[in-house]
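# Structural characterization, general
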Amino acid sequence: EEYLYCQVEDYFQRHSFAVEWKKSDRLPSRFVTTSFHRTLSDYVNALTKYGLAVTRLDEPQAIEEGVRLHPSLEKCCRVPESLIIEATKVVR
């Protein structure tokens, strides 16, 4: 089913949840990982608390070839599923 929106509920509620990765042509067996929801403020404040400065931020987007091979990745073209933060120690 295609959705025209992404509903976010309780953005400020920090939580974790299990994510099941099913066996597929890319994965030889199923496995479960844990995903954590945190706010952007949580990440940045944790880094600055320990003397780090954000030097780069990226929200990866699925590429066309990946979506063509694995159509379930299309949702990653609308809303990023991960966040990459590069931080550098601030020397004073």
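A few points on the structure. (Residues numbered from 1 in each chain as written. Predicted model: local features only at pLDDT ≥ 70, side-chain atom pairs only at ≥ 80, totals over all residues. Heavy atoms only, no water.)

## Description of the packing of aromatic side chains
Counted by the stated rule, this structure contains two aromatic pairs. Here the aromatic rings of Y11 and F12 are separated by 5.1 Å at their centres, their planes lie at 85°, and the arrangement is edge-to-face. Residue class for F12 comes out exposed when judged on its relative accessible area of 63%. With centroids separated by 5.9 Å and ring planes inclined at 5°, the aromatic side chains of W21 and F31 adopt a geometry described as stacked. Placement of the pair is W21 in strand β1 (residues 15–21) and F31 in strand β2 (residues 31–37), with a sequence separation of ten residues. On the accessibility criterion, W21 (36% relative accessible area) is partly exposed. (Phe/Tyr/Trp six-rings, centres within 6.5 Å; stacked < 30°, edge-to-face > 60°. Buried < 20%, exposed > 50% of the residue type's maximum accessible area, 1.4 Å probe, protein only. Helix = DSSP H or I, 4+ residues; strand = E, 2+ residues; numbered from the N terminus.)

## A closer look at the layout of surface pockets
Of the volumes computed, that of the largest pocket is approximately 1700 Å³. In terms of lining, the largest pocket is formed by 41 residues, of which the most central are K75, V79, P80, E81 and S82. For the lining of the largest pocket, the elements supplying multiple residues, two or more each, are β1, β2 and α1 (40–49). Among the elements that line the lining of the largest pocket, the one with the most residues is β1, at five residues. Residue classes in the lining of the largest pocket are distributed as 18 nonpolar, nine polar and 14 charged. (1 Å grid on protein atoms, 1.4 Å probe; cavity = no way out; pocket = protein on both sides within 12 Å on 5 of 7 lines; lining within 4 Å. Points joined across faces, edges and corners; volume = space filled by probe spheres on them. Nonpolar A, V, L, I, M, F, W, Y, C, P; charged D, E, K, R; others polar.)

## A short note on a nonpolar patch on the surface
Among the surface-exposed residues, V8, Y11, F12, L40, Y43, V44, V54 and L57 lie close enough to one another that they form a single nonpolar patch of about 740 Å² accessible area. We classify L57 as partly exposed; its relative accessible area is 48%. (Patch = residues over 30% accessible without salt bridge, like charges linked within 9 Å, V, L, I, M, F, W, Y side chains within 5 Å. Areas by Shrake-Rupley, 256 points an atom, 1.4 Å probe, with all protein chains shown as cover. Salt bridge = Lys/Arg side-chain N within 4 Å of Asp/Glu carboxyl O.)

## Topic: the pattern of salt bridges
A full pass over the atoms with the stated rule returns three salt bridges. For D42, the salt bridge goes to R14, with nearest N and O atoms at 2.8 Å. Taken as a pair, D42 in helix α1 and R14 in the segment before β1 lie far apart in primary sequence, 28 residues in all. Relative accessible area serves as the criterion here: at 22%, D42 is assigned to the partly exposed category. On the basis of relative accessibility, which here comes to 42%, the residue R14 falls in the partly exposed class. Of the charged contacts, one joins R56 and D58 as a salt bridge, the two residues approaching to 3.9 Å between their closest N and O atoms. Classification of R56 as partly exposed rests on a relative accessible area of 40%. The exposure class of D58 is partly exposed, given its relative accessible area of 31%.

Interpretation note: all reported values are geometric properties and have no functional meaning in isolation.
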